[in-house]
Amino acid sequence: MTVNPIKVDIHSHLVPAIDDGIQSVEEGLDILREMEALGYEKVITTPHTMTGSYDNTPEIIRSGLEKMKAAVKEAGINIEMEAATEYYLDESFMERLENDEPLMTFGKNYVLFETGFISAPPFLKEATFLMNIKGYKPVYAHPERYTYLIENSNLVEEMIDRQVVFQLNAVALAGAYGKPVQKFAEKLVDRGVVGMVGTDCHNMGHIIALKQAVQTKHYKKLMQSELLNNTL
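Reference entry: report on the structure contained in this document.

Calculation notes
Residues numbered from 1 in each chain as written. Predicted model: local features only at pLDDT ≥ 70, side-chain atom pairs only at ≥ 80, totals over all residues. Heavy atoms only, no water. Helix = DSSP H or I, 4+ residues; strand = E, 2+ residues; numbered from the N terminus. Rg over C-alpha atoms; globule rule 2.2 N^0.38 Å. Buried < 20%, exposed > 50% of the residue type's maximum accessible area, 1.4 Å probe, protein only. Contact = heavy atoms within 4.5 Å. Areas by Shrake-Rupley, 256 points an atom, 1.4 Å probe, with all protein chains shown as cover. Lys, Arg positive; Asp, Glu negative; His and termini not counted. Charge placed at Lys NZ, Arg CZ, Asp CG, Glu CD. Expected span 1.5 Å × (residues − 1). Pairing = 2+ DSSP bridges. Phe/Tyr/Trp six-rings, centres within 6.5 Å; stacked < 30°, edge-to-face > 60°. Lys NZ or Arg CZ within 6 Å of the ring centre and 35° of its normal. Core = buried A, V, L, I, M, F, W, Y, C linked by side-chain atoms within 4.5 Å. Right-handed = clockwise from strand over helix to strand, strands pointing away.

### Quick notes on the overall build of the chain
Move 1: Assigned secondary structure in the chain consists of nine helices and nine strands.
Move 2: Here the C-alpha atoms of the chain give a radius of gyration of 17 Å, agreeing with the 17 Å that 2.2 N^0.38 yields for 232 residues.
Move 3: Overall size of the chain, expressed as C-alpha extent along the three principal axes, is 45 × 40 × 30 Å.
Move 4: Here the chain holds 232 residues, and 53% of them are scored as buried.
Move 5: In the chain, the share of contacts with a sequence separation of at least 24, taken over all contacts with a separation of at least 6, comes to 79%.
Move 6: Carbon and sulfur atoms make up 49% of the accessible area of the chain, which totals about 10,200 Å².
Move 7: Here the chain carries 22 positive and 33 negative side-chain charges, and the mean point of each set is 7 Å from the other.

### As for helix 7 (residues 179–191)
Note: α-helices contain 3.6 residues per turn, so residues at a spacing of three or four share the same orientation.
Move 1: For helix 7, spanning 13 residues, the distance from its first C-alpha to its last is 18 Å, which sits close to the expected 18 Å at 1.5 Å a residue.
Move 2: Within the span of helix 7, buried status applies to Val 181, Gln 182, Phe 184, Ala 185, Glu 186, Leu 188 and Val 189.
Move 3: Looking at the buried side of helix 7, the elements it contacts are helix 5 (147–150), helix 6 (153–161), strand 8 (165–169), strand 9 (194–198) and helix 9 (217–222).
Move 4: One or two positions beyond helix 7, positive phi appears at Gly 192, with a value near 75°.

### Looking at the sheet that holds strand 2 (residues 42–45)
Move 1: As summarised here, the arrangement of the three strands in space is 1-2-4, forming an open sheet in which the pairing is parallel. Looking at which strands have only one partner, the edges of the open sheet turn out to be strand 1 (8–9) and strand 4 (80–83).
Move 2: Bridge analysis of strand 2 against strand 4 gives four bridges, and the strand direction is parallel. Looking at the pairing, Thr 45 lines up with Ala 83 of strand 4.

### Quick notes on the packing of aromatic side chains
Move 1: Using the criterion set out here, one finds seven aromatic pairs in the structure.
Move 2: Sitting above the plane of the Tyr 110 ring, Lys 137 keeps its charged end 5.1 Å from the centroid.
Move 3: One residue, Arg 145, lies across the ring of Tyr 177, its end atom 4.0 Å from the ring centre.

### Points about the pairing of strand 8
Move 1: Among the five residues of strand 8, five are classified as buried, and the element is accordingly described as predominantly covered.
Move 2: Residues Val 165, Gln 167 and Asn 169 line one face of strand 8 and the alternating positions Phe 166 and Leu 168 line the opposite face, and both faces are buried.
Move 3: Where strand 7 (residues 137–141) lies against strand 8, three bridges are found, and the strand directions are parallel. Within strand 8, the residue paired with Val 139 across the bridge is Val 165.
Move 4: Relative to strand 9, strand 8 is paired through four bridges, and the arrangement is parallel. Paired with Asn 169 across the strands is Gly 198, a residue of strand 9.

### Things to note about the nonpolar core
Move 1: Formed by 80 residues in total, the largest nonpolar core has its most connected members in Leu 32, Met 35, Leu 97, Phe 106, Tyr 140 and Leu 222.
Move 2: The residues contacting Tyr 140, other than those within four sequence positions of it, are Phe 113, Thr 115, Leu 124, Tyr 146, Tyr 148, Leu 149, Met 159, Val 164, Val 165, Phe 166 and Gln 167.

### Notes on the pairing of strand 7
Move 1: Of all five residues in strand 7, four are buried; the element is thus mostly enclosed.
Move 2: Bridge count for strand 6 (residues 110–114) against strand 7 is four bridges, and the pairing is parallel. The residue of strand 7 that forms the bridge with Leu 112 is Val 139.
Move 3: For the crossover from strand 6 across helix 4 (residues 124–133) to strand 7, the handedness is right-handed.

This is the structure in structure tokens:
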């Protein structure tokens, strides 16, 4: 198997039983052993924060992180763990921004956010503008999966112009979300606009897809670009 030159993963759901990711510490340890074997040295895990579905707080996330870190240490897995969150871009997120509530960040003030898959939220442009002027660096989770981006090249350009970091899910390159998403992911790689790559690992199925992804031509091409992962 090709050695994965990415040493830092910045998108996963490896805090047990607080979102649709892992549901037990043991499940998380199995995944982290696989990630260690793939060459990862650090995992910044990012459980969902989504009003009404996953009402996670920084306290809930950090408490779960400490539980995982203790288990990782006891299991002898050589992976450093940190946590941020994957914010769903909704009214509650906008209120946080407007009220200057501190956001969970990683690295140098990066904020990971996602949207619905079909239609662009009405405040997408306002949210990215506000994040920038408030000193955050917006990171667009899995842009390859958004139908509204696939169909609107002007919006892609506008997000790039706004210095939004595009975070590709590696498994998209193995067809994990279907052919249209894979083709758009390859197009983003070809254009050189991907700033970060993540596993978005929720379960062992994503590890299987990741092992397929690292063998693809476009993943290998992505590894030649200026990714930010290993700077974190």
